[in-house]
Amino acid sequence: MATIFTRIASGEIPSFKCAEDENYYAFLDINPLAPGHTLVIPKHIEDDYIFNLDESTYQGLWAFARKVALAIKATVPCKRVGVAVLGMEVPHTHIHLVPLQSEGDMDFRKSRPVVTDEEKKQIAESILKEYEKL
Ligand code: 5GP
């Protein structure tokens, strides 16, 4: 059965898309640590552990994530973009990209800010616009 993230990448389940190419997809986290918190996934490989990916998919995922991080940094006010790989909840490899003002913004146990769907739509559209310039 397809994972929830495969169903998001195919458009079956809606998401706020930030970037896409043939093999990878980026979209806003539904429950963000900070506005602009983005998830990056391989579209066609559902392995739930990043270090199980084949070399080409693994390298491609990080190269794609770098472009998405540059696009986030260009449009979401932040000091830098933090990176995390957890996978404790959703069994489909994904990289978290989190716009950071301070170290505490990367704390996955903290309470999450409220980001409305209208705000998410605007953030995702501006990240996508920056990504397409790269
Ligand atoms: P992890 O598996 O890395 O521990 O956490 C999974 C992340 O995916 C969480 O930050 C959670 O908010 C996010 N997430 C879970 N389900 C959905 C979903 O259906 N849509 C989106 N956009 N994000 C999700």
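Calculation notes
Chains are numbered independently. Their residues run from 1 in the order of the written sequence. Local features in this predicted model are restricted to residues whose pLDDT is 70 or higher, and side-chain atom pairs enter the listing and the counts only when it is 80 or higher, whereas totals over whole chains, interfaces and linings include all residues. No hydrogens and no water enter the side-chain calculation; it runs on all heavy atoms of the structure. Comment: axis = line fitted to C-alpha atoms, over the contacting stretch for helices; angle = value between 0 and 180 degrees taken between N-to-C directions. Each helix is a run of DSSP H or I of at least 4 residues and each strand a run of E of at least 2, with the numbering of both proceeding from the N terminus. When an angle is under 35 degrees it counts as roughly parallel; over 145 it counts as roughly antiparallel; between 65 and 115 it counts as roughly perpendicular; any other value is oblique. With the far helix as reference, a near helix turned anticlockwise by less than a right angle produces a left-handed crossing, and one turned clockwise produces a right-handed crossing. Note on contacts: a residue pair qualifies if any of its non-hydrogen atoms lie within 4.5 Å across the two residues. Nonpolar residues are Ala, Val, Leu, Ile, Met, Phe, Trp, Tyr, Cys and Pro. Charged residues are Asp, Glu, Lys and Arg, and all others, Gly as well, are polar. Only when DSSP finds a minimum of two bridges between them are two strands counted as paired. We define a salt bridge as a side-chain nitrogen of Lys or Arg found within 4 Å of a carboxyl oxygen belonging to Asp or Glu. Only protein chains enter the calculation, and the probe is 1.4 Å; a residue is then buried if its accessible area is under 20% of its type maximum, exposed if over 50%, and partly exposed in between.

Sorry if this is basic, but what is going on with the packing of helix α2 (residues 55–75) against helix α3 (residues 117–133) here?
A packed helix pair is summarised by two numbers, namely the angle formed by the two axes and the spacing between the axes. Contact geometry for α2 and α3: axes closest at 8 Å, N-to-C directions at 120 degrees. Here α2 lies oblique to α3, going by the angle between them. As α2 packs across α3, the resulting crossing turns out to be right-handed. Between α2 and α3, the contacting residues are Phe 64, Lys 67, Val 68, Ala 71, Ile 72, Ala 74 and Thr 75 on the first element and Ser 126, Ile 127, Glu 130 and Tyr 131 on the second. A per-class count over the contact of α2 with α3 returns 7 nonpolar, 2 polar and 2 charged.

For this particular structure, what's the right way to read the sheet that holds strand β5 (residues 95–100)?
Two orientations exist for strands paired in a sheet by backbone hydrogen bonds: parallel and antiparallel. With respect to topology, 5 strands assemble into an open sheet ordered β1-β2-β3-β5-β4, the strand pairing being antiparallel. Every other strand in the sheet has two partners, leaving β1 (17–20) and β4 (80–84) as the edge strands with one partner each. Recorded for the sheet is a direction-independent mean angle of 20 degrees between the axes of neighbouring strands. Against the sheet, α2 makes contact with β1, β2 (24–28), β3 (38–42), β4 and β5, and its axis sits at roughly 155 degrees relative to β3, the strand it touches most. Along the sheet, α3 makes contact with β1, β2 and β3, crossing β1 at roughly 25 degrees.

Teacher, can you tell me more about the pattern of salt bridges here?
Pairing of side chains with opposite charge becomes possible as their charged atoms draw close. Within this structure, the stated rule accounts for 6 salt bridges. Linking Glu 20 and Lys 43 is a salt bridge whose minimum nitrogen-to-oxygen distance equals 2.8 Å. Within this pair, whereas Glu 20 is found in strand β1, its partner Lys 43 is found in the loop between β3 and α2, the two being separated by 23 residues in sequence. According to the relative accessible area criterion, Lys 43 is buried, its value standing at 15%.

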